[in-house]
Amino acid sequence: NSFAIDRADNNIIRLSQRIPFPGKRTLAGTIAAHDADAAARAVDTAALEVTTAVTRAYYDLWQAHQNQDIYARDRALVERLARATADRYAAGAATQPDVLRAHVELTHLQSKVTTEALALESARAELNALLSRAPEDPLGRPEDPAPPRLTADPTALVAHALASRPELGAQRAVVAREDDAVRLARLDYLPDFEASAGRFVNHDAPDGFGAMLSLSIPLAYKAKYDAALAEARARRAEAEAELRRLEDAVRREVRQAYLRVRTAVEQHELYRNLHLPQAEQTLAATENAYATNQVDFLSLLDSVRTIESTHLEHVRAAADFERAYADLKRAVGVELARNDAATASDAASDHDQGAER
């Protein structure tokens, strides 16, 4: 009835420690290490996403600058044509509707220049936001990209992506964690131990020491451990199925990104080698024909609009290539050199060597 040591007949002061069956703590630590590995791969995934977004925003800004230059050049061209048409009208060689059409086209191009300036500001704000800068912070004019080129082998790119994508690395860590969880569930059938040591302090009897070793009996709750093992196996099967799904998705992403890059390259080459020279020749021929009254002003305006749209499509193809190439690098999971046909295999070898180191 008393907590006073000098009045109680018998006092026991005991320290005890539970000791799991050998291997359980090791597996628990390994499972935690796999969780940490998966979290680290998630950070790598976020870095890839940000890098891709910044690259795409950069070339959006580059395209906006190029479009503004095209509209400015076309405006200067139409201003020259409008002056020439006004002179021809004064000399009786052109009609008043031609003069009016020239001014309408000039107003239309001025509106495009103004609109494109707003698009440029929007692209600049987007890039600043991705760089964690204020929207109004100044940005220089983006440098022109290198000529589009695609030399990498898609099969090598897929193999490299399967080895490098952080999402796959994270899921493989999850699979390894669930494998260890199954092993830990099997160990739960084995008993845990508890060791204790005590000091006896008695009032009217000699003091003494005591020790005890006890163990649990899991078989008394075998159904619970059976259910835990079945759950662990189901989680492992789910993790393996998710890994297969991610691998299939990576293969598809790499192939699709590769085809987008290839399409952009072919479009860029067509515009550079075929459409642009033809549009330039057509404009020059039409302008000469208009000066000699062989074609009307509407034909001349049509040539101006054609060369404008051709230049815009040429710029768009170049920007599409850069954006698609950024998506391809994201799909593969690492930086890709553009002028090395063996990039994928070399990078994969470097990755494997780095992993071994």
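These figures come from a predicted structure and were not determined experimentally.

## Looking at the overall build of the chain
Then step 1. In terms of helices and strands, the chain carries seven helices and three strands.
Then step 2. Reading the helices (α) and strands (β) of the chain from amino to carboxyl end gives β-α-α-α-α-β-β-α-α-α.
Then step 3. C-alpha extents for the chain along the principal axes are approximately 135 × 50 × 40 Å.
Then step 4. Looking at the chain residue by residue over its 357 residues, the buried ones come to 38%.

## Re the sheet that holds strand β2 (residues 193–202)
Then step 1. Spatially, the three strands line up as an open sheet ordered β1-β2-β3, and their pairing is antiparallel. At either margin of the open sheet sits one strand with a lone partner, and together these are β1 (10–19) and β3 (208–215). When the angles between neighbouring strand axes are averaged without regard to direction, this sheet yields 20°.
Then step 2. As defined by bridge partners, β1 adjoins β2 across 10 bridges and the pair is classed as antiparallel. Across the sheet, the residue bridging to Arg 18 is Glu 194, located in β2.

## Here's the deal with the pattern of salt bridges
Then step 1. The tally for this structure, following the rule as stated, stands at 32 salt bridges.
Then step 2. Via salt bridges that share partners, Glu 49, Arg 165, Glu 167, Glu 253 and Arg 330 belong to a single interconnected network.

## Concerning helix α2 (residues 96–130)
Then step 1. If you check α2, its first and last C-alpha atoms are 52 Å apart, about what 35 residues at 1.5 Å a residue would give, namely 51 Å.
Then step 2. Downstream of α2 by one or two residues, Ser 132 has phi in the positive range, about 60°.

## A closer look at the environment of Arg 25
Then step 1. Relative to the helices and strands, Arg 25 resides in helix α1 (residues 24–90).
Then step 2. Using a relative accessible area of 59% as the deciding quantity, one classes Arg 25 as exposed.
Then step 3. Linking Arg 25 and Leu 184, residues 159 residues apart in sequence, is a C-alpha distance of 9.1 Å.
Then step 4. Beyond its immediate stretch of four places on either side in the chain, Arg 25 contacts Gln 17, Arg 18 and Pro 20.

## Overview of the confidence of the model for the chain
Then step 1. Residues with a pLDDT of 70 or more make up 92% of the chain, whose mean pLDDT is 86.
Then step 2. When pLDDT is averaged over each element of the chain, helix α4 (residues 166–187) comes out on top at 94 and helix α7 (residues 343–356) at the bottom at 38.
Then step 3. Ignoring residues within four places in sequence, the model shows residues 340–357, a span with pLDDT below 50, making 15 contacts including any to other chains.

## Description of helix α5 (residues 222–291)
Then step 1. Compared with an ideal rise of 1.5 Å per residue, which puts 70 residues at 104 Å, α5 spans 99 Å between its outermost C-alpha atoms and is within 8% of the ideal.
Then step 2. Tyr 271 marks the point of greatest bend in α5, at about 40°.
Then step 3. Looking one or two residues past α5, Asn 293 carries a phi angle of roughly 60°, positive in sign.

## Examining the packing of aromatic side chains
The geometry of two aromatic rings is summed up by the distance between their centres and the angle between their planes.
Then step 1. A full pass over the atoms with the stated rule returns four aromatic pairs.
Then step 2. Centre to centre, the rings of Phe 21 and Phe 193 are 6.2 Å apart; their planes meet at 25°, and the pair counts as stacked. Pair noted here: Phe 21 is in the loop between β1 and α1 and Phe 193 is in strand β2, with a separation of 172 residues, a long-range link.
Then step 3. For Phe 21, a relative accessible area of 24% translates into the label partly exposed.
Then step 4. Note on Phe 193: relative accessible area 27%, which makes it partly exposed.
Then step 5. One residue, Arg 199, lies across the ring of Phe 209, its end atom 4.5 Å from the ring centre.

## Comments concerning the packing of helix α3 (residues 154–164) against helix α6 (residues 297–332)
Then step 1. Where α3 contacts α6, the two axes come as close as 8 Å, and the packing angle between them is 55°. Here α3 lies oblique to α6, going by the angle between them. For the pair α3 and α6, contact is made by Leu 157, His 160, Ala 161 and Ser 164 and by Leu 328, Ala 331 and Val 332, respectively.
Then step 2. Considering only residue class, the contact of α3 with α6 consists of five nonpolar, two polar and no charged.

Definitions and limits used
- Residues numbered from 1 in each chain as written.
- Predicted model: local features only at pLDDT ≥ 70, side-chain atom pairs only at ≥ 80, totals over all residues.
- Heavy atoms only, no water.
- Helix = DSSP H or I, 4+ residues; strand = E, 2+ residues; numbered from the N terminus.
- Buried < 20%, exposed > 50% of the residue type's maximum accessible area, 1.4 Å probe, protein only.
- Pairing = 2+ DSSP bridges.
- Axes fitted to C-alpha atoms, helices over the stretch in contact; angles between N-to-C directions.
- Salt bridge = Lys/Arg side-chain N within 4 Å of Asp/Glu carboxyl O.
- Expected span 1.5 Å × (residues − 1).
- Contact = heavy atoms within 4.5 Å.
- pLDDT = per-residue confidence, 0-100.
- Bend = angle between axes of the 7 residues up to and from the residue.
- Phe/Tyr/Trp six-rings, centres within 6.5 Å; stacked < 30°, edge-to-face > 60°.
- Lys NZ or Arg CZ within 6 Å of the ring centre and 35° of its normal.
- Parallel < 35°, antiparallel > 145°, perpendicular 65-115°, else oblique.
- Nonpolar A, V, L, I, M, F, W, Y, C, P; charged D, E, K, R; others polar.

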